[in-house]
Amino acid sequence: MLCAAPFSHARSPAPVSIVRAEQEAEAIIAQRIDEERARFAPDAPKLVANGELIRIARERSSDMAHGAPFAHEDAQGRHAASEMMRSRINPFGSFGENIMMETRQNLPFTANAFAKAAVEGWMASQGHRANILSPDYDRSGIGVVVNGGNAYATQVFMGPPREAPQPSRPH
């Protein structure tokens, strides 16, 4: 667990080669997630990439890469991704988040190996797997950020509001 440290939103841009590798990892993660849903939840809707969800996922990964807690909650204990989705997209619906961190110990970042580790790790975790396979989600965004020897992945999920049960009517 990383400790919460102050962080600034003013960050110098990553080298182009790292940005390309991050985007490649995002695409591979999306492909692998699609394969897992097709295999284990064939009746679940296909996850559609959503631009704002991608921005939220990248922001979450970037925040953690630059000192925010590696957790679903921010330093104030709020569910950061859900708060962002509610305020930026729709206050109603189903929301989920998977996060992953890998420490690379002086090894170069490899998009394929990182993506494989992220999806395998999430599929091996009951809660993360439930997010991946949930039929409640129809949109997704993936964000990967590499900072120094650490790489972070975030996948956020969103679905339409569930219909509330209708009261039964007397006959």
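Before going into details, it helps to say that this report is about the structure given with it. Only a predicted model underlies this, so the values are computations on that prediction, with no experimental measurement involved. (Residues numbered from 1 in each chain as written. Predicted model: local features only at pLDDT ≥ 70, side-chain atom pairs only at ≥ 80, totals over all residues. Heavy atoms only, no water.)

Some thoughts on the overall build of the protein chain
Secondary structure assignment for the protein chain yields 5 helices and 4 strands. Element order for the protein chain, N to C, with α for helix and β for strand: α-β-α-α-β-α-α-β-β. Split into buried and exposed, the 171 residues of the protein chain put 41% on the buried side. Contacts in the protein chain between residues at least 24 apart in sequence constitute 77% of all its contacts with a sequence separation of at least 6. (Helix = DSSP H or I, 4+ residues; strand = E, 2+ residues; numbered from the N terminus. Buried < 20%, exposed > 50% of the residue type's maximum accessible area, 1.4 Å probe, protein only. Contact = heavy atoms within 4.5 Å.)

Overview of the pairing of strand E2 (residues 94–103)
The element E2 is largely enclosed, with a buried count of 7 among its 10 residues. For E2 and strand E4 (residues 150–159), the ladder comprises 10 bridges, and the chain directions are antiparallel. Looking at the pairing, Gly96 lines up with Phe157 of E4. (Pairing = 2+ DSSP bridges.)

Re the side chain of Ser61
Of note, Ser61 is situated in helix H2 (residues 51–65). Not counting the four nearest positions on each side in its chain, Ser61 is found in contact with Gly143, Val144, Val145, Tyr152, Ala153 and Thr154.

Notes on the pattern of salt bridges
The final tally for this structure, using the stated rule, is 9 salt bridges. With a shortest N-O distance of 2.7 Å, Glu97 and Arg60 are connected by a salt bridge. You can see Glu97 sitting in strand E2 and its partner Arg60 sitting in helix H2, a full 37 residues away along the chain. For the pair Glu97 and Arg60, a shared accessibility class is recorded, and that class is buried. Between Arg139 and Asp138 there is a salt bridge whose closest N-O contact spans 3.0 Å. Taking the relative accessible area as the measure of exposure, Asp138 reaches 24% and is therefore partly exposed. Sharing partners across several salt bridges, the network here consists of Glu52, Arg55, Glu59 and Arg88. (Salt bridge = Lys/Arg side-chain N within 4 Å of Asp/Glu carboxyl O.)

Quick look at the side chain of Ser134
When you line up the elements, Ser134 lands in the loop between helix H5 (126–133) and strand E3 (139–147). Those residues in contact with Ser134 that sit more than four places away from it in its chain are Arg37 and Ala44.

A look at the sheet that holds E3
On the basis of which strands lie adjacent, the open sheet formed by 4 strands has the order E1-E3-E4-E2 and mixed pairing. The open sheet has two edge strands with one neighbour each: strand E1 (48–49) and E2. Set on the sheet, H2 makes contact with E1, E2, E3 and E4; between it and E3 the angle comes to about 30°. Of the strands in this sheet, E2 and E4 touch helix H3 (residues 80–88), which is tilted by about 135° from E2. (Axes fitted to C-alpha atoms, helices over the stretch in contact; angles between N-to-C directions.)

Here we look at the packing of H2 against H3
Packed helix pairs are specified by the crossing angle of their axes together with the interaxial distance, meaning the distance between the axes. Following both chains from N to C, one finds H2 and H3 inclined at 150°, their axes separated by 10 Å at the closest point. Compared by their axis directions, H2 and H3 come out roughly antiparallel. Crossing of H2 over H3 shows right-handed handedness. Residues Glu52, Leu53, Ile56, Glu59 and Arg60 of H2 lie in contact with H3, whose contacting residues are Ala80, Ala81, Met84, Met85 and Arg88. For the contact of H2 with H3, the residue count by class is 6 nonpolar, no polar and 4 charged. (Parallel < 35°, antiparallel > 145°, perpendicular 65-115°, else oblique. Left-handed = near helix turned anticlockwise from the far one by under 90°. Nonpolar A, V, L, I, M, F, W, Y, C, P; charged D, E, K, R; others polar.)

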